[in-house]
2 protein chains.
Amino acid sequence: MKKAAATRLTILQKAFELIYAQGYQATSIDEIIATTQVTKGAFFYHFKNKDEMGLAIIEEILKPTLTGSFIQPLTSNENPLKAIYDLMYYLLIKDKFLKPEYGCPAANFTHEMTSWNTHFSKALNELTGQWMQVMTQALERGKKQGWVGKEVNPRQATLFIMSGYWGIRNLGKLGNKTYYTAYLKELKRYLDQLR
Amino acid sequence: MKKAAATRLTILQKAFELIYAQGYQATSIDEIIATTQVTKGAFFYHFKNKDEMGLAIIEEILKPTLTGSFIQPLTSNENPLKAIYDLMYYLLIKDKFLKPEYGCPAANFTHEMTSWNTHFSKALNELTGQWMQVMTQALERGKKQGWVGKEVNPRQATLFIMSGYWGIRNLGKLGNKTYYTAYLKELKRYLDQLR
DNA sequence: ATAAAAAAATACTGATTAGTAGGTTACAAA
DNA sequence: TTTGTAACCTACTAATCAGTATTTTTTTAT
């Protein structure tokens, strides 16, 4: 029971890395099993097809990561505007797993899968929805505590901030890493204007 | 000489539509020639391989469109903040060619190709660079004319705005079209704060 | 220890992929 | 009208793809 769970996890992790760097469709099962040293029989024992593996990656790799790195920092009781900026700074500059040239895993998935696979859309919608909800709540809390201006619409602002993050992650692929720092400066400006 | 140019253009246009809806890798040459009624021999007479066709789409379809719809509206001498908002409103709401569920063609290409094909990166970088340059210039002009605050950094603001646009185009794929209107409202707020 | 079931290995299939080889038609200039 | 070439067509290939059938090994329960 333990060894099996380990190989399953190995497949998911290695596959995730490959997909993050190359895209879902460009990553073949043959390539996954070659880099994991797992045979095809073992692969299809754990996943009945490629898409089921893709969904498992979202559920078992992406979602826990999101909860840890993207959501928890927004649940504190400090100034949400500061928390949001710090989070973005961390994600764009500090985090050594997310690479500019590969963009954002969730955004990549969304881009690639949404138009043809509704299961993926649903799973990804939950993913982003969760993040947006937490950020919205943080801004609402900030309003009550006086950190955030009364005229601010939390849901609207959240959407705006998230759009910016998704966009800069994609734009950042086009080479210039200075994009990130310039983006962050303007993000700070924008956040300051929310009071 | 004329018939040939016509078939070439047909291929590019139909292929663009398919790729816009499905992605580059998911669109096979066989599918392209099936929908265009062009034979494989004709296809490979006009393009020496699939990637060359992809680059031709960027150069001959995407770039001219960009110039017409994305750039020209920013070259007027009116308030650039209004011009930017109107442009975004047009692109997100009015334009009937760009569909929410398919996102932005240029962003899609970037997402899918950048990490593994440097030729595409270069072409796409030119594309976005051109748009950013024009928007930056519009904001600089606006500063001189008093439309835009003196403390505003045009390049920085442009990057921020473009990030938002690319991001909302991608987020918009996840179903809810109300994302667009909420985004536009907050964009207005942001633009107003640039004076 | 042994039977049963779980996990993994091997070797394959049929479909699809990008691309090619070689021939045919259409059209221009001479 | 002939001839050369641009444009196009048909039929194929080799590689790769996701997925399967069958067998073997490993683990677990008794």
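Throughout this document, residue positions are counted from 1 along each chain, in the order its sequence is written. Chains carry letters and ligands carry numbers; both start at the beginning, A for chains and 1 for ligands, and go up in the order they are written. Whole-chain, interface and lining totals are the exception, using all residues; otherwise, since this is a predicted model, local features are given only for residues with pLDDT of at least 70 and side-chain atom pairs are given and counted only at 80 or more. Here the side-chain values reflect all heavy atoms present in the structure, with hydrogen atoms and water set aside.

Asker: Provide a residue-level description of the protein's contact with DNA strand D, including the pertinent values.
Answerer: Neighbouring residues of DNA strand D: 17 residues in total, closest A:Ile29, A:Lys50, B:Thr39, B:Tyr45 and B:His46. To be near a molecule or strand, a residue needs just one of its heavy atoms within 4 Å of it. Each atom of DNA strand D within 4 Å of the protein was classed as base or backbone; sugar and phosphate made up 65%. At a separation of 3.1 Å, a base oxygen of DNA strand D approaches a polar side-chain atom of A:Lys40. Whenever a nitrogen or oxygen atom comes within 3.5 Å of another N or O atom, the pair is scored as a polar contact, on the condition that within protein one atom can donate a hydrogen and the other can accept it, and that pairs from neighbouring residues in sequence are kept only if both atoms are in side chains. At 2.6 Å from a phosphate oxygen of DNA strand D is found a side-chain nitrogen or oxygen belonging to B:Thr39. For helices the rule is a DSSP run of H or I covering at least 4 residues; for strands it is a run of E covering at least 2, with both sets numbered from the N terminus onward. It is helix H3 (residues 40-46) of chain B that provides the largest number of residues to the surface near DNA strand D, a total of five residues. Residues are grouped as follows: Ala, Val, Leu, Ile, Met, Phe, Trp, Tyr, Cys and Pro are nonpolar; Asp, Glu, Lys and Arg are charged; all remaining types, including Gly, are polar. Residue composition of the surface near DNA strand D, by class: six nonpolar, seven polar and four charged.

Asker: Explain the protein's contact with DNA strand C residue by residue, including any values.
Answerer: The environment of DNA strand C is made up of 16 residues, and the closest members are A:Thr39, A:Tyr45, A:His46, B:Lys40 and B:Lys50. Taking all atoms of DNA strand C within 4 Å of the protein, the share assigned to sugar and phosphate is 66%. Interatomic distance of 3.3 Å between a side-chain N/O atom of A:Thr7 and a phosphate oxygen of DNA strand C. Here the surface near DNA strand C gets five residues from one element, more than from any other, and that element is helix H3 (residues 40-46) of chain A. Across the surface near DNA strand C, the residue classes break down as five nonpolar, seven polar and four charged.

Asker: Talk me through the relation of the copies chain B and chain A; I want residue IDs and the actual numbers.
Answerer: Both copies of the chain are tied together by a single rotation about an axis and a shift running along it. Fitting of the copies onto one another was done by least squares over C-alpha atoms, counting residues only where both copies have pLDDT of at least 70. Taken as rigid bodies, chain B and chain A are interconverted by a rotation of 180 degrees and an axial shift of 0.1 Å, the fit giving an RMSD of 0.1 Å. Both chain copies can therefore be described as sitting about a two-fold axis. The overlap is high: 100% of the interface residues of chain B also sit at the interface in chain A, so the same surface is used on both sides. We call two residues in contact when some of their heavy atoms are within 4.5 Å.

Asker: Hey, could you go over the interface of chain B and chain A for me, with residue numbers and the actual values?
Answerer: The interface of chain B with chain A comprises 45 residues on the first partner and 45 residues on the second. Summed over both partners, the accessible surface that disappears when two parts come together, traced with a 1.4 Å probe, is what is meant by buried area. Buried area between chain B and chain A, both sides added, is near 4,100 Å², and the carbon and sulfur share of it is 61%. Sorting the residues of chain B by area buried against chain A places B:His111, B:Phe160 and B:Leu174 first, and these three jointly supply 18% of that buried surface. For salt bridges, the criterion is a side-chain nitrogen of Lys or Arg within 4 Å of an Asp or Glu carboxyl oxygen. Our enumeration of links across chain B and chain A arrives at two salt bridges. Residue B:Glu151 is joined to A:Arg189 by a salt bridge in which the shortest nitrogen-to-oxygen separation is 3.9 Å. Between chain B and chain A we count twelve residue pairs in polar contact (both at pLDDT 80 or more) in total.

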